[in-house]
Amino acid sequence: MKKISILTFSIALLATGCNRGGQQVATEGVVIPEVKVQTVYLQSVSQEQLYTGTIMPYSRNMISSFQATMRIDKIMVEVGDRVTAGQLLVQMEETNYLQAKLQIENLKVEYNRVEALFQSGGVSKQQLDQLKVQLDVTQEAFENLKKNTFLRSPVNGVVTMRNFDNGDLTGGQPILQVQQLNPLKVFINVQEAHFPLVKPQMSASIRLESYPDEVFEGKVRLVHPTVDPITHTFTTEIVVNNQNMKIRPGMFARVAFNFGDVERVVIPDVAVIRQPGINDRYAFVLNADNTVSYTKVLLGQRLGNTYEILSGLEDGDRVVTAGMSRLVDGVKVVVVP
């Protein structure tokens, strides 16, 4: 009699349904998951994108002579010295230079003599032209030798490396290195989706760990014309003014572009599910018949405890925010407050 009573109670329990452990038991004995949902709407989202890079010199010039075994007569600067474009930095030994100078002077005297003879009819035009060609070639070689004997800075900059001392024979290394530190530049890799938006002269905000409370203004100097097929990014060169010489090459930089505001669907972060083993993100979307669809979403930037959605959801969709641990695509659910 006692066994019959227990069986009767169990049948009655299934018929009326029960609510245990966050699940609704249906009248047919099928467990229906309980979920909480939230409606997503379009919101105005600032399209500020942040990138990282390293500050680089605007140019890096190696100061050396074309003659590999030429002796250094005198180096006029030290590491850290500021130099100007055209300033004499290194003087090499002058033996070859002085010999070439004497040769060019003799050729000029000879050319003037032959030219006078040509005027009086003593030589042909061909002889004069041949001597003129010889003089021009020698003059060009002399000017090249002069540049490689008296080494000058090609830019305004700072000496950042010195490899030799006075009296040394030059080897495979440059004698000096001069870096142009005003302006400076930084390279960043920008997402492929923003390729149509990034243009030369576009403004960028730059923050440095060395000066956390300051924002430096930069400008896009160059947009590389190709997109990396692996990372789907393209390289962009930003130039930043360094008139006060506060910034130095090698500093870590955060570069921000502001592409304006756009209307985007925004989803709570608790509704986003990461697919194990891959980097895709999903959300359960509640359908009109109280079933859920396992929907792939493309995330934009994180906004506090929400994410910007680039694709996958529409304005007014209802997404599951709690109770998704036992959900599968197409399962029927019960919505609870």
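What comes next concerns the included structure. Computed from a prediction, not measured in an experiment: that's the story for all the values here.

What counts, and where the lines are drawn
Residues numbered from 1 in each chain as written. Predicted model: local features only at pLDDT ≥ 70, side-chain atom pairs only at ≥ 80, totals over all residues. Heavy atoms only, no water. Helix = DSSP H or I, 4+ residues; strand = E, 2+ residues; numbered from the N terminus. Polar contact = N/O pair within 3.5 Å; in protein donor to acceptor, adjacent residues only side chain to side chain. Contact = heavy atoms within 4.5 Å. Phe/Tyr/Trp six-rings, centres within 6.5 Å; stacked < 30°, edge-to-face > 60°. Buried < 20%, exposed > 50% of the residue type's maximum accessible area, 1.4 Å probe, protein only. Pairing = 2+ DSSP bridges. Axes fitted to C-alpha atoms, helices over the stretch in contact; angles between N-to-C directions. Expected span 1.5 Å × (residues − 1).

**Focus: the side chain of S65**
Looking at the secondary structure, you find S65 in the loop between β4 (42–63) and β5 (72–75). At a separation of 3.0 Å, a polar atom in the side chain of S65 contacts the main-chain carbonyl oxygen of N148. Apart from the residues within four sequence positions on either side, S65 is in contact with M70, M92, N148, L151 and I175.

**Considering the packing of aromatic side chains**
Counted according to the given criterion, the structure contains 8 aromatic pairs. Here F195 and F234 contribute two aromatic rings whose centre-to-centre distance is 4.9 Å and whose plane-to-plane angle is 80°, an arrangement assigned as edge-to-face. Of the two residues, F195 is situated in the loop between β10 (176–191) and β11 (203–208) and F234 in strand β13 (residues 233–240); the sequence distance between them amounts to 39 residues. Arranged with centres 5.8 Å apart and planes meeting at 45°, the rings of F257 and F259 form a pair that is tilted. Relative accessible area serves as the criterion here: at 0%, F257 is assigned to the buried category. A connected cluster of aromatic rings, assembled from ring pairs, spans Y51, F257 and F259.

**What to know about unusual backbone geometry**
Excluding glycine, residues mostly carry a negative phi; peptide bonds, for their part, are mostly trans. A cis amide bond, omega 5°, links N182 with the succeeding residue P183. Tracing the sequence through the fold places P183 in strand β10. In the Ramachandran plot, M245 falls in the positive-phi region, its phi being about 60° despite a non-glycine side chain. One can find M245 in the loop between β13 and β14 (252–268). At N290, a residue that is not glycine, the phi angle is positive and equals roughly 65°. Here N290 is to be found in the loop between β16 (281–286) and β17 (292–303).

**Looking at the sheet that holds strand β8 (residues 150–152)**
Strand order in the open sheet formed by 3 strands is β5-β7-β8, with antiparallel pairing between adjacent strands. Where the open sheet ends on each side, the last strands, each with one partner, are β5 and β8. The mean inter-strand angle of the sheet, taken between neighbouring strand axes irrespective of direction, is 20°. Summarising the sheet, β5 and strand β7 (residues 88–92) pair through 3 bridges and their orientation is antiparallel. In the sheet register, K74 faces β7, and the bridge partner there is Q91. Contacts between helix α3 (residues 125–149) and the sheet are confined to β7 and β8, with β8 contributing the most and set at about 70° to the helix.

**A few points about the environment of M202**
With respect to the helices, strands and loops of the structure, M202 is situated in the loop between β10 and β11. Residues M202 and F257 lie 55 residues apart in sequence; the distance between their C-alpha atoms is 8.6 Å. Excluding residues within four positions of it along the chain, M202 makes contact with L197, G218, K219, V220, F257, N258 and F259.

**Some points on helix α2 (residues 95–119)**
Taking 1.5 Å of rise per residue, the 25 residues of α2 would be expected to cover 36 Å, and the 37 Å separating its terminal C-alpha atoms lies within 8% of that figure. Check the buried side of α2 and you find it contacts α3 and β8. Phi for G121, located one or two positions after α2, is positive at around 85°.

**Here's the deal with the environment of Y307**
Examined against the element boundaries, Y307 turns out to sit in strand β18 (residues 306–311). Spatially, the C-alpha atom of Y307 lies 43 Å from that of Q179, the residues being 128 residues apart in sequence. Here the side chain of Y307 touches R302 through a polar contact of 2.5 Å, side chain to side chain.

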